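# Inside the fold
Listed here are the chains, written in short residue letters.
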Amino acid sequence: MTYRLRTLYNLGGYLAALCLCMICALITAQILGRIVDRIATAIGGDRIGLAIPGLAEISGFLLVGASFLGLAYTFVHGGHIRVTLLIGQLPAAPRAFVELFCLSIALVLCLYLGWYLYWLLEDSIAFNETSYGLLSIPLWIPQSAMLSGIVLFCLALAEAWLATLVTAVTRPSTFTIDDSGQE
């Protein structure tokens, strides 16, 4: 299937990868700081105290960003786990409508989640909510990544739903799993 917004989904995937790289860099810096401290104390010096405050909290927020921003990219590239044991045994025409039904449920659930994430984000901004950890990080920052990822995923699901609907209505006997959004 050809996705018209594939560039946008790829951008979400790249941002997810950037979040993972930032987690890796922060943890590596923390480890190197501990090694430098050990070496300093081993040669008789004092600990330098190279530590990143709130590393677990920052890493958690970056992991949330990576998880949500990568949803659409993963879906478009066929990386989501799909149980096709039952649907794969159906003839092409019924399979198109079952796939349409499954995509409809997924889209409705994602829209529902997106709706409530929007209101959560709005409340966090209105009440100036911050995290409870060592660092006071405004919660709208990770929540924005969550909402952006869900919006991208809704767009990808909507594109796949529309393409599946067109195939199911116009030429259901030609439906393959590839028509439902998988490569």
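This text follows the structure it describes.
As a starting point, this report considers the structure included with it. As the structure is a computational prediction, the values presented were derived from the model and not from experiment.

### Looking at helix α1 (residues 6–42)
With 37 residues, α1 should cover 54 Å at 1.5 Å per step; its first-to-last C-alpha distance of 53 Å lies within 8% of that length. Looking at α1, one finds that the buried residues are Tyr-9, Asn-10, Gly-12, Gly-13, Ala-16, Cys-19, Ile-23, Gln-30, Gly-33, Asp-37 and Ala-40. Those residues of α1 that are buried lie in contact with α2 (55–69), α3 (71–76) and α5 (140–170). Directly after α1, the chain includes Gly-44, whose backbone phi takes a positive value near 95 degrees.

### Things to note about the packing of aromatic side chains
The tally for this structure, following the rule as stated, stands at five aromatic pairs. Ring centres 6.0 Å apart and planes at 85 degrees place the aromatic pair Tyr-3 and Tyr-9 in the edge-to-face group. Assigned by exposure class, Tyr-3 and Tyr-9 land together as buried. For the pair Trp-115 and Trp-119, a centre-to-centre distance of 5.6 Å together with 70 degrees between the ring planes defines the contact as edge-to-face. Residue Trp-115 and its partner Trp-119 are both found in helix α4 (residues 92–126); the two are separated by four residues, about one turn of the helix. Overall, Trp-115 belongs to the partly exposed group, its relative accessible area being 48%. One aromatic cluster is present, built from ring pairs that chain together Trp-115, Tyr-118 and Trp-119.

### As for a nonpolar patch on the surface
On the surface, Leu-5, Leu-8, Leu-11, Leu-15, Leu-18, Met-22, Val-151 and Leu-155 cluster together to form a nonpolar patch covering roughly 620 Å² of accessible area. For the nonpolar patch, the secondary structure elements donating two or more residues are α1 and α5. The biggest single contributor to the nonpolar patch is α1, with five residues. By relative accessible area, which is 43% here, Val-151 ends up partly exposed.

### Topic: the packing of α1 against α5
Relative orientation of the contacting elements α1 and α5 amounts to 145 degrees, with a least axis distance of 10 Å. For the crossing formed where α1 meets α5, the hand is left-handed. Residues Leu-8, Tyr-9 and Gly-12 of α1 form the contact with α5, whose own contacting residues are Leu-152, Leu-155, Ala-156 and Glu-159. Of the residues contributing to the contact of α1 with α5, the split by class is five nonpolar, one polar and one charged.

### A short note on the nonpolar core
Counting 21 residues, the largest nonpolar core has Tyr-9, Phe-75 and Leu-157 as the members making the most contacts within it. Listing elements by their share of this core, those giving two or more residues are α3, α4 and α5. Ranked by the residues each element gives to this core, the list is headed by α5, at nine residues. Beyond its immediate stretch of four places on either side in the chain, Leu-157 contacts Phe-75, Leu-103, Ala-106, Leu-107 and Cys-110. Judged by nonpolar contacts, the second largest core, of seven residues, contains Ala-16, Ile-23, Ala-66 and Leu-69.

Criteria and cut-off values
Residues numbered from 1 in each chain as written. Predicted model: local features only at pLDDT ≥ 70, side-chain atom pairs only at ≥ 80, totals over all residues. Heavy atoms only, no water. Helix = DSSP H or I, 4+ residues; strand = E, 2+ residues; numbered from the N terminus. Expected span 1.5 Å × (residues − 1). Buried < 20%, exposed > 50% of the residue type's maximum accessible area, 1.4 Å probe, protein only. Contact = heavy atoms within 4.5 Å. Phe/Tyr/Trp six-rings, centres within 6.5 Å; stacked < 30°, edge-to-face > 60°. Patch = residues over 30% accessible without salt bridge, like charges linked within 9 Å, V, L, I, M, F, W, Y side chains within 5 Å. Areas by Shrake-Rupley, 256 points an atom, 1.4 Å probe, with all protein chains shown as cover. Salt bridge = Lys/Arg side-chain N within 4 Å of Asp/Glu carboxyl O. Axes fitted to C-alpha atoms, helices over the stretch in contact; angles between N-to-C directions. Left-handed = near helix turned anticlockwise from the far one by under 90°. Nonpolar A, V, L, I, M, F, W, Y, C, P; charged D, E, K, R; others polar. Core = buried A, V, L, I, M, F, W, Y, C linked by side-chain atoms within 4.5 Å.

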